[in-house]
Amino acid sequence: MANNSNKYIQVFGGFTAVIFGLLQGIDWLFNKYEIDNYYFNIILIILFVSLIVGLLFFVVKRKAIDIKSNKKLFLGLATLSIIIIGFIFFFKKINNNENLLNQTIPELITLYDNGDLNNVFLKTKSLLKDFPENETIKNYYNKSKKTFSLKTNYDGIGVSVKYGGDSIFNYLGKTPLDSFSAPNTWNSHVLKFEYNDSIYYASNHWLKTHNYFFPSKSIDIPKNHKFFLGTNISLMWFLGVEFKDTQLLPFSISKNEVSNSQYQKFVDAGGYENPKYWDFPFKIGDRIYDFNSTIKLFTDRYGKYGPANWSYGKFPSGLDNHPVTGISWFEARAFAKYSNMSLPNVYQWLYSSGVSEFVVNKDVVDNSNYNSSQTRETSNSDGSFNELNNIAGNVKEWVSNPNGLNNEKFSLLGGSYLEYSYTFNNYYSISPLNRGIGNGMRLAKTLSDETSDLNDKAVPEYIRDVTKIPDISEEVFNVYKSQFEYGEIPLNSKTENIENFVEGYNAQRFEMKTTYESDENLFGYIVYSNKVKDKYDPVIVYPSAGAIVSDNDSWMPKNLLNDYKYLIDEGYAIIHPIYHNTFSRTKTYSTFTPDESENYRNTIIKIGQDFKRSLDYIESRNDFSSENLSYYGYSWGSTTSNYLLAIDDRVKSAFICAGGLMPQKSKKEIEAHYYIRRTKTPIFHIVGKLDGIFGPETYNPWKKLIGTPRKDLRTIEYDDYGHGIPKDTIIKYHSEWIRKYSVN
């Protein structure tokens with residue numbers, strides 16, 4: 001009996017070893033010579049059927065001897081199960097590999113070509129678990145991801161991330177964490193933090209470095225307040241004014257504006273008679289204001305202490321839960337001190353309101369209380385943002401910061417029910433003594449033991465009416481313009497075709513030396529249809545401000561085809577130079593707004609010379625009709641045309657979107673308003689009145705000063721558009737405008 005058992009073991013063991021060895025060998029052979037997996041599946045089926053038949057024959061042959069042996073039966077079934085599992089494993093493996101090559105990877109390539117990096121990241125991240133050595137998957141994972149660093153002021157904070165395009169949070173661990181990866185997109189990810197029995201969220205996905213400050217455990221968040229993590233913010237802005245590299249400590253801000261009934265308690269408690277709540281003595285300009293004389297200015301309609309629209313120290317009947325209004329900056333500050341809180345500073349207000357977005361939030365603006373006859377209740381949530389009711393409209397809200405020097409003006413934000421909705425994302429300031437109807441407030445609290453100088457930091461003067469600045473002479477302007485000249489320099493350009501581009505279209509990369517001293521070359525991309533027999537009409541493109549933060553342009557040819565296919569199919573060639581300070585080229589200036597630095601001046605001059613040199617290259621091409629050259633710019637590409645179209649008259653028409661004339665000062669020799677006065681190029685300009693970057697305050701001066709003859713200037717202003725102009729609107733007008741100024 002023992003010998004029979006050993007024989008069973010030997011036979012089944014032999015079967016197992018031979019079959020698995022055979023499968024491994026066949027798998028290696030098929031992978032090495034890339035034999036179609038169909039044949040591997042056929043071999044698997046044949047081997048599997050042969051194995052079953054062989055085992056049945058063996059069992060039947062020895063039935064008489066072994067029928068009584070449960071041990072042998074169990075051993076046979078176990079061995080058969082192992083072999084079946086092995087067959088399933090190899091069958092699944094080979095079919096998974098086939099699906100990977102024939103379906104999954106082509107899908108990844110399509111997603112990547114369509115710019116869907118969120119899904120490319122999610123799919124490759126998952127696939128790498130099963131195919132960790134696959135170079136194609138690793139390549140697309142690396143191309144779709146961005147690495148973010150993470151810092152917090154406390155250790156032991158639980159961190160989870162929800163990737164763009166995903167619906168669940170993935171646990172990363174507890175701080176300190178060095179870094180994490182997420183899709184390289186604008187809506188890249190949301191972070192979730194678990195700290196001190198509370199959950200906090202952060203979605204500053206544009207920041208490569210996440211640095212968060214959590215509240216001190218000893219400080220409580222006030223009731224009915226919205227909490228915000230402290231963080232470092234590289235850029236925030238109102239129309240025409242920007243704040244760089246701001247460090248916000250953790251803070252909370254009240255969900256509602258201060259109501260009449262809340263302010264009544266301050267009045268009834270003798271708040272106006274108690275000097276400890278007031279900032280006096282206080283210097284405004286050359287005058288010092290003391291408590292005793294100044295407090296007399298803050299009376300109601302009948303001479304009692306209280307807001308300007310109150311009567312006998314009482315708010316208007318029926319307006320208990322409406323916002324207090326008719327108060328000065330001093331009264332707002334006094335109430336905040338009485339409440340053991342503060343006014344928000346301009347940075348806290350800006351960060352929490354969502355104003356620093358590329359598009360003004362239409363839902364907020366449309367549903368807020370603007371251009372009406374009455375305030376709303378403070379708890380009205382129509383038009384709320386970040387759970388902050390009436391953050392836009394209802395009453396303008398005092399914040400703590402002065403504007404300019406000498407404390408003559410203080411910041412008042414968000415607009416009121418008496419004003420139009422464009423005031424939401426505009427910066428305003430007024431005398432701290434002003435008690436206009438429409439002036440109100442909300443409260444804030446800094447939730448840190450650290451101190452910050454942001455509350456008292458002056459907002460620099462920025463508003464200027466460039467239309468009232470005297471023009472310069474043509475002689476002076478020609479000197480300014482000469483900064484962009486470079487003399488007779490051989491072009492010596494090199495053009496290469498990009499292999500394996502989309503069928504029916506050609507893509508090229510051109511390159512040449514810069515006209516200024518540099519360690520890098522000027523280069524760019526061209527895309528056109530290969531179905532056009534005549535010469536191509538060239539369109540030169542200048543990018544939006546995303547080019548400043550991007551460090552890669554390898555994806556550009558396919559992106560140009562996707563974005564401008566409507567022109568390419570009509571016979572246009574799209575030329576996109578990689579200008580100085582954009583994409584993979586060296587960065588010397590970190591934002592799109594002007595300043596008075598030598599650095600900004602040099603950046604603009606190099607960009608201008610790159611533009612002119614690119615026009616030289618276009619003229620050198622025999623297959624381009626340079627007499628029909630057109631310009632296209634969106635956002636930063638639109639505002640940069642203020643220079644580019646003035647320094648070179650070879651552009652015959654321009655189509656720009658979401659632009660204007662920025663009010664910030666720069667060195668006089670590159671002040672854009674001097675240049676656009678001398679632009680003669682026919683221009684089509686589309687703008688949205690809800691634009692959060694280049695709104696009416698930048699567009700209207702542009703329209704007034706642009707030197708293009710009015711017969712060659714067309715502008716469209718859309719009430720419902722923000723900074724994003726719909727693609728179908730652009731397509732509707734673009735090629736028609738180019739044709740209007742083209743030579744047959």
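Structure first, text after, so check above.
No experiment lies behind these values; they were computed from the predicted model shown.

Quick notes on the rules
Residues numbered from 1 in each chain as written. Predicted model: local features only at pLDDT ≥ 70, side-chain atom pairs only at ≥ 80, totals over all residues. Heavy atoms only, no water. Helix = DSSP H or I, 4+ residues; strand = E, 2+ residues; numbered from the N terminus. Buried < 20%, exposed > 50% of the residue type's maximum accessible area, 1.4 Å probe, protein only. Contact = heavy atoms within 4.5 Å. Axes fitted to C-alpha atoms, helices over the stretch in contact; angles between N-to-C directions. Parallel < 35°, antiparallel > 145°, perpendicular 65-115°, else oblique. Nonpolar A, V, L, I, M, F, W, Y, C, P; charged D, E, K, R; others polar. Left-handed = near helix turned anticlockwise from the far one by under 90°. Pairing = 2+ DSSP bridges. Polar contact = N/O pair within 3.5 Å; in protein donor to acceptor, adjacent residues only side chain to side chain.

Digging into the side chain of asparagine 256
Within the secondary structure, asparagine 256 is located in the loop between strand S11 (251–254) and helix H7 (260–268). Among the residues examined, asparagine 256 registers a relative accessible area of 17% and is labelled buried. Setting aside its immediate chain neighbours within four residues, asparagine 256 contacts Asn224, Thr378, Ser379, Asn389 and Arg442.

Concerning the packing of H7 against helix H9 (residues 329–338)
The geometry of H7 relative to H9 is characterised by a closest axis approach of 11 Å and an angle of 80° between their N-to-C directions. One finds that H7 runs roughly perpendicular with respect to H9. Taking contact as the criterion, the partners of Gln262, Tyr263, Lys265 and Phe266 in H7 are, on H9, Glu331, Ala334, Phe335 and Tyr338. The residue makeup of the contact of H7 with H9, split by class, is five nonpolar, one polar and two charged.

Looking at the packing of helix H14 (residues 556–568) against helix H19 (residues 727–740)
Running from N to C, H14 and H19 cross one another at 40°; their axes reach a closest spacing of 10 Å. It follows from the interaxial angle that H14 and H19 lie oblique. The handedness of the crossing between H14 and H19 is right-handed. When H14 is examined against H19, the residues Asn562, Asp563, Tyr566 and Leu567 are found in contact with a partner set consisting of Lys727, Ile730, Ile731, His734, Ser735 and Ile738. Split by residue class, the contact of H14 with H19 holds five nonpolar, three polar and two charged.

Section: the sheet that holds S11
Pairing within the open sheet is antiparallel, and its three strands lie in the order S8-S11-S18. Both edges of this open sheet fall to strand S8 (225–228) and strand S18 (444–446), since each of them pairs with a single strand only. The mean inter-strand angle of the sheet, taken between neighbouring strand axes irrespective of direction, is 20°. Both S11 and S18 contribute to a ladder of three bridges, which runs antiparallel. Across the sheet, residue isoleucine 253 finds its bridge partner in S18, namely alanine 444. The strands touched by helix H10 (residues 346–353) are S8, S11 and S18; relative to S11, the strand with the most contacts, the crossing angle is about 75°.

A closer look at the side chain of serine 666
In this fold, serine 666 is placed in the loop between strand S25 (653–657) and helix H17 (672–676). What makes serine 666 buried here is its relative accessible area of 5%. Within the structure, serine 666 has its side chain in polar contact with the side chain of glutamate 671 (distance 3.3 Å). In this view, serine 666 contacts Arg464, Pro594, Asp595, Glu596, Tyr600 and Glu671; residues no more than four positions away in its chain are not counted.

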